[in-house]
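# Inside the fold
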Amino acid sequence: MSFTAYSVYKTSGAEWLGEVPEHWKVAAIKWLSPVLRGASPRPIDDPIYFDDDGEYGWVRIADVTASQSGLLTDTTQRLSVLGATLSVKLKPGSLFLSIAGSVGKPCITGIKACIHDGFVYFPYLQIDQRLLYRIFELGSCFGGLGKMGTQLNLNTDTVGGIVVGVPPERELETILRFLDHETTKIDALIQEQKRLIKLLQEKRQAVISHAVTRGLDPDVPMKDSGVEWLGEVPAHWAVKRIKHIVRSLDQGWSPQCENQPVENDNEIGVLKVGCVNRGVFRAEENKRLPDDLTLVPELTVKANDLLVSRANTRELVGSAAVSGVDHQNLMVSDKLFRIRMSEVADPGYVSFFLSTPVARREIELAATGASSSMLNIGQSTILEMPVPCPPITEQSAIRGEIVRLVAGIVALIDEATNLVKRLEERRSALISAAVTGKIDVRGWQPPADESAFDEEVRQAGLEATA
């Protein structure tokens, strides 16, 4: 799938947009429509503020965050259904943009909705709103408007000041049809890979859970573990709390670091909490220590150190992984526990146990925090955790067998994950090229052979994106 560029371009004056086709109009969004802000609801008992029929629902930031497709429907996490006579009411099919929480995320409502002041909307837009949706979805237009992820990035003025390129109406329609078709196919392939990843992760988890709670001998006698949520374990195993099988548990240090990882062993880095996500230790997940700060040797990572995330999302807090080698230039952050096991415990075995559904359930129940995006666990959550403990030689054998059994599964997960990343990059590249006029799609027509197109997109995802 290849397209040529337009024959003549002009300067747009906007860094994110660059040059655009000469016949395109260049305009700030505020010249295409006023950019207005939603209105926060008054208390529910205010009689002048709500309709009798209650047909409009208030949109929350969480509803937009949960919407993967960018379409708000009545199946989204869901709104309190309250009418509002003085609020901003949007009809189905209306575009609005989040300026708080999920900053810069566009959404098109599929229901009658009221938006509060964490959103802006475009009531008199002179162009097809799908162009703005694609531009906002891409996100490049927000460059220079503040650090993404805070609630101070966007307002009516900054959104209104974003400069966009506007093709003639018929040409714009072709561009939008092209993007709808291409992204739909790519999204389908992405979802296919994500379903595969989920199935593989479930299979991996089943292998681990059986091994660390039942052992490798299918005929071994069982006994009650004495822990209700753990159930039965092999009769010759003990059940001990982690605090009884560790030599030390330490937290690290989180100085202000550079927003890039170390490039070699001579540079000093602080491990990010994501270095243990999904049970795999990733040393590359670190931030470089500034030159005016020095290494704290007592906080470096050694082979067989068990690292556990102390703070993260509900799904990831308590994630654990083991370092296979010494990393004399990498320190643990204060969002990580570094655990060194005693001679009666294999750190890899314990790490695998902490990833089982029963252990994860206990960790998630113990996690606290005001925001679901950052929950915390204390040292006691880990130290008081009961763990089934075979003899150390059996722990090591179980750990080795798990590694052998899941190696192929992990390889398939990595392959599918990389394909998703490439497809997402391809998707973004197509949107960028189309909405900035870097490719000319005026002659585009949907392929007659959709199967050939599927393979073309799949291969595009496997190649480096131009």
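Residues numbered from 1 in each chain as written. Predicted model: local features only at pLDDT ≥ 70, side-chain atom pairs only at ≥ 80, totals over all residues. Heavy atoms only, no water.

Of note, the phi angle at R278 is positive, near 65°, even though the residue is not glycine. Turning to its location among the elements, R278 is positioned in the loop between β17 (269-271) and β18 (286-288). (Helix = DSSP H or I, 4+ residues; strand = E, 2+ residues; numbered from the N terminus.)

Another aspect to go through is the confidence of the model for the chain. Of the residues in the chain, 84% have a pLDDT of 70 or more, and the chain-wide mean is 86. Taken together, the stretch residues 74-86 has pLDDT below 50 and engages in 46 contacts with residues farther than four places along the chain or on a different chain. Here residues 148-152 is a poorly scored stretch, pLDDT under 50, and it has 8 contacts once near neighbours within four places are set aside; other chains count. (pLDDT = per-residue confidence, 0-100. Contact = heavy atoms within 4.5 Å.)

Our next topic: the layout of surface pockets. Of the pockets and cavities examined, the second largest pocket occupies roughly 700 Å³. Along the walls of the second largest pocket sit 24 residues, with Q201, R204, Q205, R278 and G279 positioned nearest its centre. When residues of the lining of the second largest pocket are traced back to their parent elements, those giving at least two are α4 (169-214), α5 (347-354), α6 (357-366) and α8 (392-435). Top contributing element to the lining of the second largest pocket by residue count: α4, with 5 residues. For the lining of the second largest pocket, a count of residues per class yields 8 nonpolar, 8 polar and 8 charged. (1 Å grid on protein atoms, 1.4 Å probe; cavity = no way out; pocket = protein on both sides within 12 Å on 5 of 7 lines; lining within 4 Å. Points joined across faces, edges and corners; volume = space filled by probe spheres on them. Nonpolar A, V, L, I, M, F, W, Y, C, P; charged D, E, K, R; others polar.)

With respect to the helices and strands, P123 occurs in the loop between β11 (119-121) and α2 (129-138). Taking the C-alpha atoms as reference points, P123 and L95, 28 residues apart in sequence, are found 8.9 Å from one another.

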